[in-house]
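Listed here are the chains, written in short residue letters.
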Amino acid sequence: MIQAKEFVEAARNLGFGWYTGVPCSFLTPFINYVINDVQLRYISAANEGDAVAIAAGAAIAGKPAVVMMQNSGLGNAVNPLTSLTYIFRIPLLLICTLRGDYLLQDEPQHQLMGQITEKLLETMTIPWEFFPKDAAEIEPVLQRATAYMQQERRPYALIMRKGAIAPHALTRCSIPERENSANAYIQQNFFRDRKEQRISRSEALARIVELTDPENTVVIATTGYTGRELFASKDSANHLYMVGSMGCASSMGLGLSLARPDLKVVVIDGDGAALMRMGNFATIGTYGGANLTHILLDNEVHDSTGAQATVSAGISFAKIAEACGYGVTLAGDDPALLDALFTADANTRPKFAHLKIRPGTLEKLPRPNLTPEAVLQRFMKHIGNS
């Protein structure tokens, strides 16, 4: 058994100052120590997949990050671990607890995951070792992890067994104090109520590009046609075209915006993606700042997979964003909404716009002619972190 301080301080000496995740009782002393230290940053994620994407955003901003989770939630993180951090080559340190360990009596829901945790990590080509239980093991473990992460630019995992860390009391709250959301406002006067008048995705993206300054603004586009159409509209070093990791664009944008408060971050989401990880609305509303702008282009279908309908036709995403604490929330189908969004003052909170668009895409829609890894390296160089 080690003290939480021994591991966290050794990790801090190697640059790790950002932590995010979903709690587990095995992790309690570790998380408590991180939260208690005002020099460390802890983001409480809605789910393990969002935690991976938040940490990825921090990592591409040059902030080495640690993701903490229970192995029962490792399944929630498979998508971003295989189609975000692996494809884009983003190094993260994962600390995953071993519920269902054969060495202890545990709850029945952990039995199978306890048997397959190691195999699951290996299947995802994530090297792992057990979390140190002795102070003398900490430095060598961290050296092996960081050496791999620096060389391969991919995640490395530590599996934590019960009792690895001595108890540590929690003395402060990790949730930032904010005034109530009475200053948030929603404008519904951007609706024209005629679907045939709605603009296309490519038209909306072209206007967003016009409204953003590439010198101080980056644009993250969700997977599918959105990223491909942004590339077709204008390929630029300040653009990041997500592939896979559906629903993770907003959480990645949150991590980047928090790690780089000097940078304006615009996330372009889709209705299907937003529905998939709606919990991140609450995380953004709680932690996000005014440098984060979240735009949802809603055509009410999963366009790139055959235009199957989503349930977004009856959902008021702007009201959800307002309830979650965004500073400005706009909704409508008039493209003037975008101009209003970029000129609105959100004070210290993120901004959100729900723009209804029509389905369909460009004929002979191209794919980015750069690999995801090359896109990310160009992006990181643009923001001064390469």
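Reading guide: rules and limits
Residues numbered from 1 in each chain as written. Predicted model: local features only at pLDDT ≥ 70, side-chain atom pairs only at ≥ 80, totals over all residues. Heavy atoms only, no water. Salt bridge = Lys/Arg side-chain N within 4 Å of Asp/Glu carboxyl O. Helix = DSSP H or I, 4+ residues; strand = E, 2+ residues; numbered from the N terminus. Buried < 20%, exposed > 50% of the residue type's maximum accessible area, 1.4 Å probe, protein only. Phe/Tyr/Trp six-rings, centres within 6.5 Å; stacked < 30°, edge-to-face > 60°. Lys NZ or Arg CZ within 6 Å of the ring centre and 35° of its normal. UniProt positions renumbered as here; feature names shortened; annotations may be inferred. Expected span 1.5 Å × (residues − 1). Arc of directions from axis to C-beta. Pairing = 2+ DSSP bridges. Right-handed = clockwise from strand over helix to strand, strands pointing away. Axes fitted to C-alpha atoms, helices over the stretch in contact; angles between N-to-C directions. Parallel < 35°, antiparallel > 145°, perpendicular 65-115°, else oblique. Left-handed = near helix turned anticlockwise from the far one by under 90°. Contact = heavy atoms within 4.5 Å.

- The name given to the protein in an unreviewed UniProt entry is Thiamine pyrophosphate enzyme, and the organism recorded there is Nostoc cf. commune SO-36.

**So, the pattern of salt bridges**
In step 1: Per the counting criterion, the structure on display carries 20 salt bridges.
In step 2: Between R358 and E203 there is a salt bridge, with its nearest N and O atoms 3.9 Å apart. In this pair, R358 sits in the loop between strand 15 (351-356) and helix 14 (372-382) while E203 sits in helix 7 (residues 201-211), placing the two residues 155 residues apart along the sequence.
In step 3: Judged by its relative accessible area of 41%, E203 falls in the partly exposed class.
In step 4: Through salt bridges with shared partners, one network takes in R198, D298, E300, D333 and K356.

**What about the packing of aromatic side chains?**
In step 1: A complete count under the given rule lists 11 aromatic pairs for this structure.
In step 2: Each ring, one from Y326 and one from F352, has its centre 5.6 Å from the other, and the planes form 70°; the classification is edge-to-face. Here Y326, found in the loop between helix 12 (317-324) and strand 14 (328-332), pairs with F352, found in strand 15; they are 26 residues apart in sequence, far enough to count as distant. Here Y326 matches F352 in class, with each residue buried.
In step 3: A network of ring pairs unites the aromatic residues F7, Y19, F30 and F131 as a single cluster.
In step 4: When the ring centre of Y86 is taken as origin, the NZ or CZ atom of R154, which lies over that ring, is 3.8 Å away.
In step 5: For the cation-ring pair, R161 lies above F130, with the distance from its terminal atom to the ring centre recorded as 4.2 Å.

**Quick notes on the UniProt feature "domain: Thiamine pyrophosphate enzyme TPP-binding" (unreviewed entry) in the protein**
In step 1: Taken from the UniProt record, the annotation "domain: Thiamine pyrophosphate enzyme TPP-binding" (unreviewed entry) applies to residues 241-340.
In step 2: In residues 241-340, helix accounts for 39% and strand for 24%; the two terminal C-alpha atoms are 25 Å from one another.

**Observations regarding helix 6 (residues 135-152)**
Working note: α-helix, 3.6 residues per turn, so residues spaced by three or four point in the same direction.
In step 1: The terminal C-alpha atoms of helix 6 lie 27 Å apart, and with 18 residues this matches the ideal 26 Å at 1.5 Å per residue to within 8%.
In step 2: For helix 6, the set of buried residues is I138, V141, L142, A145, T146 and M149. Mapping the buried residues of helix 6 onto a view down its axis gives an arc of 125°, with all of them on the same face. Projecting away from the buried face of helix 6 at angles above 90 degrees are the exposed residues A136 and Q151.

**Description of the pairing of strand 14**
In step 1: Among the 5 residues of strand 14, 5 are classified as buried, and the element is accordingly described as predominantly covered.
In step 2: Pairing of strand 14 with strand 15 involves 5 bridges; the strand directions are parallel. Bridging across to strand 15, T329 finds its partner in F352.
In step 3: Handedness of the crossover joining strand 14 and strand 15 through helix 13 (residues 336-343) is recorded here as right-handed.

**Structural notes on the UniProt feature "domain: Thiamine pyrophosphate enzyme N-terminal TPP-binding" (unreviewed entry) in the protein**
In step 1: In the numbering adopted here, UniProt assigns the feature "domain: Thiamine pyrophosphate enzyme N-terminal TPP-binding" (unreviewed entry) to residues 7-113.
In step 2: Between the C-alpha atoms that bound residues 7-113 there is a distance of 26 Å. The span itself is 44% helix and 18% strand.

**Here we look at the packing of helix 11 (residues 279-287) against helix 12**
In step 1: Interhelical geometry of helix 11 versus helix 12 gives an angle of 45° and a closest axis separation of 8 Å. In terms of their interaxial angle, helix 11 and helix 12 are classed as oblique. The two elements helix 11 and helix 12 cross, and the hand of that crossing is right-handed. Residues F281, A282, G285 and T286 of helix 11 pack against F317, I320, A321 and C324 of helix 12.

**Looking at the sheet that holds strand 3 (residues 65-70)**
Either a parallel or an antiparallel arrangement is found when strands of a sheet pair, and the pairing is made through backbone hydrogen bonds.
In step 1: Read from one edge to the other, the open sheet built from 6 strands follows the order 2-1-3-4-6-5, with strand pairing classed as parallel. A strand with exactly one partner marks an edge of an open sheet, and here the two such strands are strand 2 (41-44) and strand 5 (128-130). Between one strand and the next, the sheet's axes are offset by a mean angle of 20°, whatever the strand orientation.
In step 2: Of the strand pairs in this sheet, strand 3 and strand 4 (residues 93-97) are connected by 5 bridges, and their pairing is parallel. In the strand pairing of strand 4, M68 is matched with I95.

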